[in-house]
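Spelled out, the chains give:
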Amino acid sequence: MRTSPVYLSESELERACRFETLRRSGPGGQNRNKVETGARFYHLASGLVGEATERRYQIENRKIAMRRLRLKLALSIRDVPDLTRDLNGDATFSHPEDFVWFRRLVAGKIRASKESFDYPILVAEFFDAYAATNEDMKSTVQLLQTTSSQIIRLLSAAPSALTQLNNLRESAGASKFRA
C-alpha cells in the first residue's frame, strides 16, 4: 500500500493541513484589496505550502492552492516501492495494483491532464520508480511500461517536475531533457 500524502483524498489532505485565507495587493479590482480571497494550505507533517491568490474567488484559489500543495508533495516525498525480478531478470513492482500509473496507461501512453486529480500521483509514482531504479531512466521506462518521451510529456505539464528530473540527471552526469 502506498503511504505518501499525495494519495490522500481532498478531505483527508485538508485535515492534514492548516488552512489560511489571505489578501494580496495588485490587479484584480476592489475584491482583491478588501476581501481575503487568497488561500494557503500548510501540510503540517512536511512543512510544504500550497498557495494561490490569482483568482477573484476564494473557492477557486483554494482548489489551486490544494493542487499546488499536492504537486509539491509529489516532488518532495519519496515512497520508494519494492521491486522483484521476473523470470527474465527484469525489475517489476511487487504490488503493481497499488499504482495509479497502470490504470492511466493505455498502449504505453499516459492518459491524464495536468488538471486531473491523478496528475500529482503520476508524477510521484514516476519519481518513486526513478528512485527505485537508482535513477536509471532506461530501467524506469521499462518498469513503467512506457517511453521516455511519454514521461517527458507528462513532466513538462509542470515545469518544476521536469526541472527536478533534470537536476537529478545533471547531478548524475547525464544530459538534460528538453520539453
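Further up the page is the structure itself.
Residues numbered from 1 in each chain as written. Predicted model: local features only at pLDDT ≥ 70, side-chain atom pairs only at ≥ 80, totals over all residues. Heavy atoms only, no water.

Moving on to the packing of helix 7 (residues 148–156) against helix 8 (residues 159–171). Two elements in contact, helix 7 and helix 8, have axes whose closest approach is 6 Å; the angle formed by their N-to-C orientations is 130 degrees. Taken together, the axes of helix 7 and helix 8 lie oblique to each other. Contact residues: helix 7 offers Ile152, Leu155 and Ser156, while helix 8 offers Pro159, Ala161, Leu162 and Leu165. Among the residues making up the contact of helix 7 with helix 8, the classes are represented as six nonpolar, one polar and no charged. (Axes fitted to C-alpha atoms, helices over the stretch in contact; angles between N-to-C directions. Helix = DSSP H or I, 4+ residues; strand = E, 2+ residues; numbered from the N terminus. Parallel < 35°, antiparallel > 145°, perpendicular 65-115°, else oblique. Contact = heavy atoms within 4.5 Å. Nonpolar A, V, L, I, M, F, W, Y, C, P; charged D, E, K, R; others polar.)

Here Ser4 lies in the segment before helix 1 (10–15). By relative accessible area, which is 5% here, Ser4 ends up buried. Once you skip the residues sitting within four places of it in the chain, Ser4 turns out to touch Ile77 and Asp79. (Buried < 20%, exposed > 50% of the residue type's maximum accessible area, 1.4 Å probe, protein only.)

What follows covers the environment of Ser149. Among the secondary structure elements, Ser149 is positioned in helix 7. Taking the C-alpha atoms as reference points, Ser149 and Ala179, separated by 30 residues in sequence, lie 9.3 Å from one another. A distance of 3.1 Å separates the side chain of Ser149 from the side chain of Thr147, its partner in a polar contact. (Polar contact = N/O pair within 3.5 Å; in protein donor to acceptor, adjacent residues only side chain to side chain.)

It is worth spelling out the packing of aromatic side chains at this point. A full pass over the atoms with the stated rule returns six aromatic pairs. Measuring from centroid to centroid gives 4.8 Å for Phe19 and Phe41, while their planes differ by 45 degrees, and the two rings are tilted. Placement of the pair is Phe19 in strand 1 (residues 17–22) and Phe41 in strand 2 (residues 38–43), with a sequence separation of 22 residues. Taking the relative accessible area as the measure of exposure, Phe19 reaches 28% and is therefore partly exposed. Considering the side-chain rings of Phe99 and Phe102, the 6.3 Å spacing of their centres and the 70 degrees angle between planes classify their relative orientation as edge-to-face. With a relative accessible area of 2%, Phe99 lands in the buried category. Judged by its relative accessible area of 21%, Phe102 falls in the partly exposed class. Through a chain of ring-to-ring contacts, the aromatic side chains of Phe93, Phe99 and Phe102 assemble into a single cluster. Cation over ring: Arg18 sits above Tyr42, and NZ or CZ is 4.2 Å from the ring centre. Stacked on the ring of Phe19, the Lys or Arg Arg62 has its end atom at 4.1 Å from the ring centre. (Phe/Tyr/Trp six-rings, centres within 6.5 Å; stacked < 30°, edge-to-face > 60°. Lys NZ or Arg CZ within 6 Å of the ring centre and 35° of its normal.)

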